[in-house]
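Given next are the chains, with one letter for each unit.
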Amino acid sequence: MERFTEGSGRRIVTVDNTTVDIACAIHSLSDADLVRLKALARLWARGLPGGLGWADVLHEAIARALEGSRKWPPDVPILAFLSGIMRSICDDQWRRARRELEVLVRGEDVADLCASGDEVKSPSPERVVAAAQSLAAVDRLFACDPLALKIIAGLAEGLTPTEICKFYGMSERQYDSTRKRMRRALVRCGLEWSVP
Amino acid sequence: MSRWEPHADLMRLLEALGNEIVTATELEVRQACAECGSTMAGTAKLMWSAWSELQEEVREVRELIDAAIGEPGEPEVDVEKGHIELRTSRHLQSVPERGSRTCHKQPCHKQH
């Protein structure tokens, strides 16, 4: 990794250039980028336990990015990088909520659970319910757009665009124009965010 | 018959939708902003007026970014001057006094 080193007397100060680049990239985001960033934060923050809001998620994502615990790959846009971190925060938050619940139920110490490497494999019932509600909310967001609903269903199942088109008998042109409508709806929703 | 795992479906979906937001063009963002207002006519004129109303939203995110990057323990970046002021030692091998170092770098280019 490229590093920047400055000597000063006996002290050598080394700055991780990635941290500087990340800070610079975030500071340089355009207005449209900021709108997209907020939409991303709202997307990931939706339904999180512990009352975490989009601003908390975004703040934490920036802090983690600057911390350098996660490296910024060269060809990944800064928004995609931050979105990936927000995904991790989302996962972490659900794991923490599950651990806290176990502490309450079993009366164990959180530190013991963490120290024993008690990695939770299955999701908590709360997470399953919240996920089902969020999926329903996304469906409602696109309720007036049958093609978008098909794409949503395909994406949730992990299908590729080609597979979605083939499975639902959609042309490439229909797929692309539907995705454009979806993108606008998602950004809009990121601004207003109250999915009916 | 496989068991339905909504949390796994949701994560896959959010990731895909997140990618859609990342790849949204500036025009699509502006169109979305125009559609947000009560005036949904969608003409170019309305689209641009909606954009100006959106400055409050943008300012909110920018303030959040400033708060996150400008916090103690994090470097303070002046993009225009192209330097980063180190406040504390999180990314340093040795600890300078608070605000005692300024590391210069080339001004960065805007990300798009």
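Thresholds, definitions, all that
Residues numbered from 1 in each chain as written. Chains lettered and ligands numbered in written order. Predicted model: local features only at pLDDT ≥ 70, side-chain atom pairs only at ≥ 80, totals over all residues. Heavy atoms only, no water. Helix = DSSP H or I, 4+ residues; strand = E, 2+ residues; numbered from the N terminus. Buried < 20%, exposed > 50% of the residue type's maximum accessible area, 1.4 Å probe, protein only. Contact = heavy atoms within 4.5 Å. Areas by Shrake-Rupley, 256 points an atom, 1.4 Å probe, with all protein chains shown as cover. Expected span 1.5 Å × (residues − 1). Arc of directions from axis to C-beta. Salt bridge = Lys/Arg side-chain N within 4 Å of Asp/Glu carboxyl O. pLDDT = per-residue confidence, 0-100. Phe/Tyr/Trp six-rings, centres within 6.5 Å; stacked < 30°, edge-to-face > 60°. Core = buried A, V, L, I, M, F, W, Y, C linked by side-chain atoms within 4.5 Å. Axes fitted to C-alpha atoms, helices over the stretch in contact; angles between N-to-C directions. Parallel < 35°, antiparallel > 145°, perpendicular 65-115°, else oblique. Nonpolar A, V, L, I, M, F, W, Y, C, P; charged D, E, K, R; others polar. Patch = residues over 30% accessible without salt bridge, like charges linked within 9 Å, V, L, I, M, F, W, Y side chains within 5 Å.

Digging into the overall build of chain A
When you go through chain A residue by residue, the secondary structure sums to 9 helices and 2 strands. Reading the secondary structure of chain A in the N-to-C direction produces β-β-α-α-α-α-α-α-α-α-α. The proportion of buried residues among the 196 residues of chain A is 48%. Summarising the internal contacts of chain A: among those between residues at least 6 apart in sequence, 56% fall at separations of at least 24. Accessible area of chain A: about 9500 Å², with a carbon and sulfur share of 51%.

What to know about the overall build of chain B
A tally of regular secondary structure across chain B gives 4 helices and 3 strands. If you list the helices and strands of chain B from N to C, you get α-α-α-α-β-β-β. Within chain B, the fraction of its 112 residues that count as buried is 42%. Looking at chain B as shown, the accessible area adds up to about 6600 Å², and 51% of this sits on carbon and sulfur atoms.

Regarding helix α4 (residues 55-69) of chain B
Along an α-helix, residues three or four apart share an orientation, since each turn contains 3.6 residues. All names here are of chain B. In this model α4 runs 21 Å from its N-terminal to its C-terminal C-alpha over 15 residues, within 8% of the 21 Å that 1.5 Å per residue would give. Those residues of α4 that fall on the buried side of the exposure criterion are Val58, Val61, Leu64, Ile65, Ala68 and Ile69. All buried residues of α4 project into a common sector of 125 degrees when viewed along the axis, lining one side.

Focus on the pattern of salt bridges
In total, this model carries 16 salt bridges over all chains according to the counting rule given. Among the salt bridges present, the one from Glu15 of chain B reaches Arg87 of chain A, with a minimum N-O distance of 2.5 Å. With Glu15 of chain B in helix α1 (residues 6-23) and Arg87 of chain A in helix α4 (residues 78-106), this pair bridges two chains. According to the relative accessible area criterion, Glu15 of chain B is partly exposed, its value standing at 36%. Judged by its relative accessible area of 25%, Arg87 of chain A falls in the partly exposed class. Among the charged side chains, a salt-bridge network with shared partners connects Glu60, Arg64, Asp92 and Arg95 of chain A.

Some words on the confidence of the model for chain B
Residues and elements named next belong to chain B. Overall, the predicted model of chain B reaches an average pLDDT of 65, with 45% of residues at or above 70. A low-confidence stretch, residues 38-44 (pLDDT under 50), is modelled with 4 contacts involving residues beyond four sequence positions or located in other chains. Here the predicted complex scores 0.73 on pTM and 0.80 on ipTM.

Description of the packing of aromatic side chains
All names here are of chain A. A full pass over the atoms with the stated rule returns 2 aromatic pairs over all chains. Centroid distance Trp72 to Phe81: 6.1 Å. Interplanar angle 25 degrees. Geometry classified as stacked. Taking relative accessible area as the criterion, Trp72 reaches 17% and is therefore assigned buried. Look at Phe167 and Tyr168: their rings are 4.9 Å apart centre to centre, the planes differ by 85 degrees, and that puts the pair in the edge-to-face class.

Focus on the nonpolar core
Counting 70 residues, the largest nonpolar core has Ile26, Leu37, Leu58, Ile62, Ile78 and Met86 of chain A together with Leu17 of chain B as its most contacted members. Of the residues forming this core, the biggest block, 10 residues, is contributed by helix α2 (residues 31-45) of chain A. The contact partners of Leu58 of chain A, leaving out residues within four places of it in the chain, are Leu37, Ala41 and Met86 of chain A together with Val61 and Leu64 of chain B.

Regarding the packing of α2 of chain A against α4 of chain B
Viewed as axis vectors pointing N to C, α2 of chain A and α4 of chain B meet at an angle of 75 degrees, and their least axial separation amounts to 9 Å. Comparing the axis directions of α2 of chain A and α4 of chain B gives the class roughly perpendicular. For the pair α2 of chain A and α4 of chain B, the contacting residues are Asp31, Leu34, Val35, Leu37 and Lys38 of chain A in the first and Gln55, Glu57, Val58, Glu60, Val61, Arg62 and Ile65 of chain B in the second. Its residues placed into classes, the contact of α2 of chain A with α4 of chain B shows 6 nonpolar, 1 polar and 5 charged.

Some thoughts on a nonpolar patch on the surface
Judged by side-chain polarity, Leu101, Leu104 and Val105 of chain A come together as a nonpolar surface patch covering roughly 330 Å² of accessible area. Mapped onto the elements, Val105 of chain A comes out in helix α4.

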